[in-house]
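# Analysis of the macromolecular model
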Amino acid sequence: MRRIHVGNALSAFGLGFTVPYLYVYVAQVRGLGSVTAGLVLAVFAAAALVVLPFAGRAIVRRGPLQVLLAALVLAALGSLCLGLSGGVAPVLLSAAALGAGQAVMQPALATMIVDCSTAENRSRAFAMQFFLQNLGLGVGGLIGGHLVDTTRLSSFTLLFSLQAAVFLLLVALMATVRMPKAPRLQQTAAQAGTARASWRQLLGDRTMVQLCVLGFVLFFACYGQFESGLSAYGVEAAGVSTSTLGTALAANTLMIVVAQFVVLRFVERRRRTRVLATVGVVWAVAWAVAAYAGLGDGSRAMATAAFVSTYALFGLGEVMLSPTLAPLVADLAPEGMAGQYNSAFALVKQLALAIGPAVGGPLAAALPGPYVLAFTVVSLAVSVLALRLGRSLTVAQDHPWAVRGRVVARGGPAAETMTADA
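The rules we used
Residues numbered from 1 in each chain as written. Predicted model: local features only at pLDDT ≥ 70, side-chain atom pairs only at ≥ 80, totals over all residues. Heavy atoms only, no water. Salt bridge = Lys/Arg side-chain N within 4 Å of Asp/Glu carboxyl O. Helix = DSSP H or I, 4+ residues; strand = E, 2+ residues; numbered from the N terminus. Buried < 20%, exposed > 50% of the residue type's maximum accessible area, 1.4 Å probe, protein only. Expected span 1.5 Å × (residues − 1). Bend = angle between axes of the 7 residues up to and from the residue. Contact = heavy atoms within 4.5 Å. Disulfide = S-S within 2.5 Å. Core = buried A, V, L, I, M, F, W, Y, C linked by side-chain atoms within 4.5 Å.

### A few points about the pattern of salt bridges
Counted by the stated rule, this structure contains 5 salt bridges. Between Glu268 and Arg124 there is a salt bridge, and its shortest N-O distance comes to 3.0 Å. With a gap of 144 residues between them, Glu268 in the loop between α13 (242–267) and α14 (272–295) and Arg124 in helix α6 (residues 122–147) connect regions that are remote in the sequence. By relative accessible area, which is 38% here, Arg124 ends up partly exposed. Between Arg152 and Asp149 there is a salt bridge; the shortest N-O distance is 3.6 Å.

### Observations concerning helix α3 (residues 33–62)
With 30 residues, α3 extends 41 Å from end C-alpha to end C-alpha; this agrees with the ideal 44 Å at 1.5 Å per step. The largest bend along α3 measures about 40° and falls at Leu52, with the proline Pro53 one to four residues further on. If you check which residues of α3 are buried, you get Thr36, Ala37, Val40, Phe44, Ala47, Ala48, Leu52, Ala55, Gly56, Arg57, Ile59 and Val60.

### Quick notes on the side chain of Gln102
Note that Gln102 resides in helix α5 (residues 88–116). Under the relative-accessibility criterion, Gln102 is labelled buried at 8%. Those residues in contact with Gln102 that sit more than four places away from it in its chain are Gly14, Leu15, Val19, Phe44, Ala75, Gln163 and Phe167.

### Quick notes on the state of the cysteines
Enumeration according to the criterion identifies 0 disulfides in this entry. Not part of a disulfide, Cys212 finds its nearest cysteine sulfur in Cys222, a span of 18 Å.

### Details of the nonpolar core
One recurring pattern in soluble globular proteins is that nonpolar side chains are buried together. Met174, Met208, Leu211 and Leu230 are the most contacted members of the largest nonpolar core, which totals 113 residues. The leading source of residues in this core is helix α15 (residues 300–332), at 14 residues. In this structure, Met208 is in contact with Leu202, Val329, Leu332, Tyr341 and Phe345, ignoring residues within four places of it in sequence.

Right, here's the structure in full:
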């Protein structure tokens, strides 16, 4: 598990290391123009949408470790070629390889966490994953920003070469992992038949479909707005500077780093759907604070403080989300289908991240008032969807802590194990 967590941190580090600078690299350093740079970002996202429907099937058939190693090699190749490519076609192909590889890493790592954890420690394991991902993104972005120089092509070549080296280092590290034996993966592959049959099985799970709808709304309302709609709203309506945007993002990361394990103690003993409903309320408050920042009559200092607080409140919701949502996906998956379910949920997230900026950015710039009102309503819809989902879950899925407590209190298997260990 420790090696898997290091893998999460390094994969996030690689993402934060280069992705924020892709546009500048393609448009200005390579001189390919803003249109090509926009296409690169689109291809980067589209590649994830293309490969994720097949990633789950591959994880089920081959195991998450083999799929992860293949994704790392593909991402390393894409990164290295991106640093050396000067033409439009090579840059687009390299971006597709990098985007596809990085997209597959996340469901593969999540499935490895499921296979190496138990119901008792799964929430804590996913909380640690989220913490290390954000830390890796922040550190990667910070170091990458100090390495690049738009006047020197060699600095970007070095940047992408180092990213490729990080992915290859991760290949060497993860190759030493010995996953618990999971014969159910082969059995499931034989029983499931075609990929179409496995997707039919997943879509026939009404509870999982409800969770995917909830997940789409969650990611659309928060992550889909961070780098587009909310930042556009801050600049156009609140009049904040680019440095304030950086401060707001830092406040979001700081909230995650400081509050993750404090909040974990609170949420892991509560019903998961009620925690998700609380996230919706917290984010609705965040949008209300954003409304004050851009539409209120306060001073510039108050508007700036409110805008930074908005990102911090989103961070509070995120730390409640991380130990709740991913374990719930794992607990809904039938035996041997964790990879399929994780990949399907990753696909939902990717769709929300693709549609969110396309909707939020133009709306925030043109109609800031309706923008914050709409996303306040969307956040409250999260609460409604979460509570409705709770009606479809078993007690073990929605409130595993309560089931665990009852088993121990009755002197069941958990209590006997504890006595034997003592």
